[in-house]
Amino acid sequence: MNTDPIPPPREYVIPEDFHQNIRTRFLNFFRYTVGDKARNSVIMLKGAYKINKHDEDQQYRVEQESNFHYLFGVDFLNCYAIIDVDNGKSIVFVPQYDSNYKMWNVVLNNDEIKQKFKLDEVLYNEEIESWLNNRKPSLIYYFYGIDDYSHHSLPIPDQPFLQNYNSDYDELYYILTECRVRKTPQEQDIMRYICKISSEAHELVIKNIRKGNKEYQMEALYQYHTFINHGCRFTPYECICASGTNGSVLHYEENSKTINERELILNDMGGKFYGYCSDITVTFPSDGRFTQKQAIIYNAVLDTQRQVHNSLKVGVNWGDMQLLAERTITKHLYNAGLIKGSMEDLIKNSICRLFFPHGLGHMLGLRTHDVGGYNKGTPPKIPELSQLQFRRDLDVGMIFTNEPGIYFIDFILQEAYKDPNKMKYLNKERIQEFMHVGGVRLEDDILLTANGPEILNDVPRTIKQVEACWRGEDWRQIND
């Protein structure tokens, strides 16, 4: 008999009124923004659709479209939804499946769906036309816009009978996106939960992975913890488990290398619970002790992260935080003898971007790179900060990442050596001594409150804390 059975999971219970509260808040903002034009109108959204897997009799795993999940929580595919702006009622339209489909799959009836997701009405997709004909809205609002990150747009409902109604493709994108930028208290609690359990998984990996292990074993151990203990069946993005020089690949996903001694390991992994994502990065040595050069780079990134964190408050512009990070990294690279010249010239010529080529962070929520970075009315993307995912002024309720890094990316440096305007600032021989470091990235998930920034994750950060965690000691007792 097994004397050490698997304990029951520790799942977070989603409040029953979660999506009702989301819809109420959204509709209040929608009515306030649109004004009289919103009278006798409806909002219509299209959920995610099944995608067949090549010529097989199976489908790819498809997650619900995030706006659809945000407003309704319905996780079934091939659905539509309407919100009546006048009375606030929510109606979800679902596919009608035959008996053969029901024999192989779980299918709830419409009353069960209505009760489960606290909806006002649930009908079949075939009833959309008759519902609209009876309601006779003067205007239908659709969600249409170009995403800041992917530069793609979502498909909108395209049934022929919709051509009989006036349409608006502009207002909803801005309003719904702006609602998602600032998380409600209930959303914040979910984010605290997923960041907490993701931190536990990162700590478990640090304590148990050693030289000789494969990178994919870190991925497996991380996912095992979040799934078996908390029901996080999927991750928000492919786990990045990079050892040695693989850490110089920003989104390394192969996870196939054998871990060697005296290598740095960069693990960028997040969890996903009820659609909400964490995105946490740790860096630690494979044999539990940082070498001198590894420590120089690690402390440079840690200092940068702390400098940014200490500057976060309501009204601060994120673009200014990027510039602060670049100044701090430039100072550390100079002090390490990796770059040369005056600080003024180094900063003016953005030399640190050869080692820190990405933006400081991104919005976080129902997507890893969440919406709203360059929404209407916010500071636009500019050439001199083109790597930034957003340039907004920070506000209460925003959740975003703080993730500076320093990387020794061979092809970037090789190109820089050929450019006299860059090469004059680089100490090539000294850089070569650090190439084995690969990369260091430290990523925190931040909730901005009225009292300042709250770090949602809980992972070891200082060198003493990381090394103590690797040894299985209580690293939280170390304050340095």
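Owing to the predicted nature of the structure, the values given are computational and were not obtained by experimental measurement.

### Some details on the sheet that holds strand 3 (residues 90-94)
Part 1: If you walk across this open sheet you meet the 6 strands as 4-3-2-1-5-6, and the pairing is mixed. The open sheet is flanked by strand 4 (121-124) and strand 6 (167-168), the only strands paired with a single partner.
Part 2: Two strands pair when backbone bridges link them, and strand 3 and strand 4 are joined in this way by 4 bridges, in the parallel orientation. Across the sheet, Ile91 pairs through a bridge with Glu121, a residue of strand 4.

### Overview of the packing of aromatic side chains
Part 1: Counted by the stated rule, this structure contains 20 aromatic pairs.
Part 2: The interplanar angle of 90 degrees and the centroid separation of 6.2 Å between the aromatic rings of Phe18 and Tyr276 together place this pair among those described as edge-to-face. Highlighted residues: Phe18 in helix 1 (residues 18-34) and Tyr276 in strand 10 (residues 276-277), separated in sequence by 258 residues.
Part 3: Here Phe18 falls in the buried class, since its relative accessible area comes to 1%.
Part 4: Tyr276 sits in the buried class, given a relative accessible area of 0%.
Part 5: Grouping aromatic residues by their ring pairs yields a cluster made of Tyr12, Tyr193 and Phe273.
Part 6: A cation over an aromatic ring shows up here: Arg61 above the ring of Phe234, its NZ or CZ 3.6 Å from the ring centre.
Part 7: Above the plane of the ring of Trp470 lies Arg210, whose end atom (NZ or CZ) is 3.6 Å from the centre.

### Details of a nonpolar patch on the surface
Part 1: Together, Tyr144, Ile146 and Tyr169 make up an exposed nonpolar region whose accessible area comes to about 280 Å².
Part 2: You can see Ile146 is positioned in the loop between strand 5 (139-142) and strand 6.
Part 3: Exposure remark for Ile146: the relative accessible area of 46% places this residue in the partly exposed category.

### Remarks on the side chain of Asn457
Part 1: Position of Asn457 among the secondary structure elements: in the loop between strand 16 (452-455) and helix 15 (463-470).
Part 2: There is a polar contact of 2.7 Å between the side chain of Asn457 and the backbone nitrogen of Asp445.
Part 3: Beyond its immediate chain neighbours, meaning those up to four positions away, Asn457 contacts Cys195, Ser199, Ile280, Glu443, Asp444 and Asp445.

### Regarding the nonpolar core
Part 1: Trp318, Phe355 and Phe408 are the most contacted members of the largest nonpolar core, which has 80 residues in total.
Part 2: Here the element with the most residues in this core is helix 9 (residues 292-309); it accounts for 7 residues.
Part 3: When neighbours within four sequence positions are excluded, Trp318 is seen to be in contact with Val308, Leu312, Leu360, Gly361, Leu388, Phe390, Arg391, Arg392, Leu394, Phe400 and Thr401.
Part 4: Phe68, Cys79, Leu139 and Phe143 belong to the second-largest nonpolar core, a separate cluster that totals 48 residues.

### Some thoughts on the UniProt feature "domain: Aminopeptidase P N-terminal" (unreviewed entry) in the chain
Part 1: Under the UniProt annotation, "domain: Aminopeptidase P N-terminal" (unreviewed entry) lies at residues 14-151.
Part 2: Here residues 14-151 is 33% helix and 17% strand, with 32 Å between the C-alpha atoms at its ends.

### Quick look at the environment of Ser350
Part 1: By the secondary structure assignment, Ser350 is in the loop between helix 11 (343-348) and strand 12 (399-402).
Part 2: What makes Ser350 partly exposed here is its relative accessible area of 24%.
Part 3: Between the C-alpha atom of Ser350 and that of Ala450, which follows or precedes it by 100 residues, the distance is 33 Å.

### A few points about the state of the cysteines
Part 1: This structure, assessed with the given rule, holds 0 disulfides.
Part 2: Counting only cysteine sulfurs, Cys277 is the nearest neighbor of Cys195, a cysteine outside any disulfide, at a range of 9.8 Å.

Cut-offs applied
Within each chain, residues carry numbers counting from 1 in the order of the written sequence. The predicted origin of the model limits local features to residues at a pLDDT of at least 70 and limits the giving and counting of side-chain atom pairs to 80 or more, whereas totals for whole chains, interfaces and linings rest on all residues. Hydrogen atoms and water are omitted, and side-chain values are computed over all heavy atoms in the structure. Two strands make a pair as long as DSSP finds a minimum of two bridges between them. A run of H or I in DSSP becomes a helix once it reaches four residues, and a run of E becomes a strand once it reaches two; helices and strands are each numbered from the N terminus. Whether two aromatic rings pair depends on their centres lying within 6.5 Å, for rings of Phe, Tyr and Trp, where Trp uses its six-membered ring; planes under 30 degrees apart make the pair stacked, over 60 edge-to-face, and the rest tilted. Whether a residue is buried, partly exposed or exposed follows from its accessible area with a 1.4 Å probe, protein chains only, as a fraction of its type maximum: under 20%, in between, or over 50%, in that order. A ring is scored as having a charge over it whenever the NZ atom of a lysine or the CZ atom of an arginine sits within 6 Å of its centre and within 35 degrees of its normal. What makes a patch is a set of residues exposed beyond 30% relative accessible area and free of salt bridges, joined within 9 Å when like-charged and within 5 Å when nonpolar (Val, Leu, Ile, Met, Phe, Trp, Tyr). Here, Shrake-Rupley sampling with a 1.4 Å probe gives the accessible areas, and only protein chains in the shown set may cover a residue. Basic side-chain nitrogens of Lys or Arg form a salt bridge, by our definition, when they fall within 4 Å of a carboxyl oxygen of Asp or Glu. Whenever a nitrogen or oxygen atom comes within 3.5 Å of another N or O atom, the pair is scored as a polar contact, on the condition that within protein one atom can donate a hydrogen and the other can accept it, and that pairs from neighbouring residues in sequence are kept only if both atoms are in side chains. Here, two residues are considered to be in contact whenever any of their heavy atoms come within 4.5 Å of each other. For our purposes a nonpolar core is just a set of buried Ala, Val, Leu, Ile, Met, Phe, Trp, Tyr and Cys residues, chained together by side-chain atoms within 4.5 Å. UniProt positions are given in the numbering used here, feature names are shortened, and annotations may be inferred rather than shown by experiment. Criterion for a disulfide: a pair of cysteine sulfur atoms within 2.5 Å.

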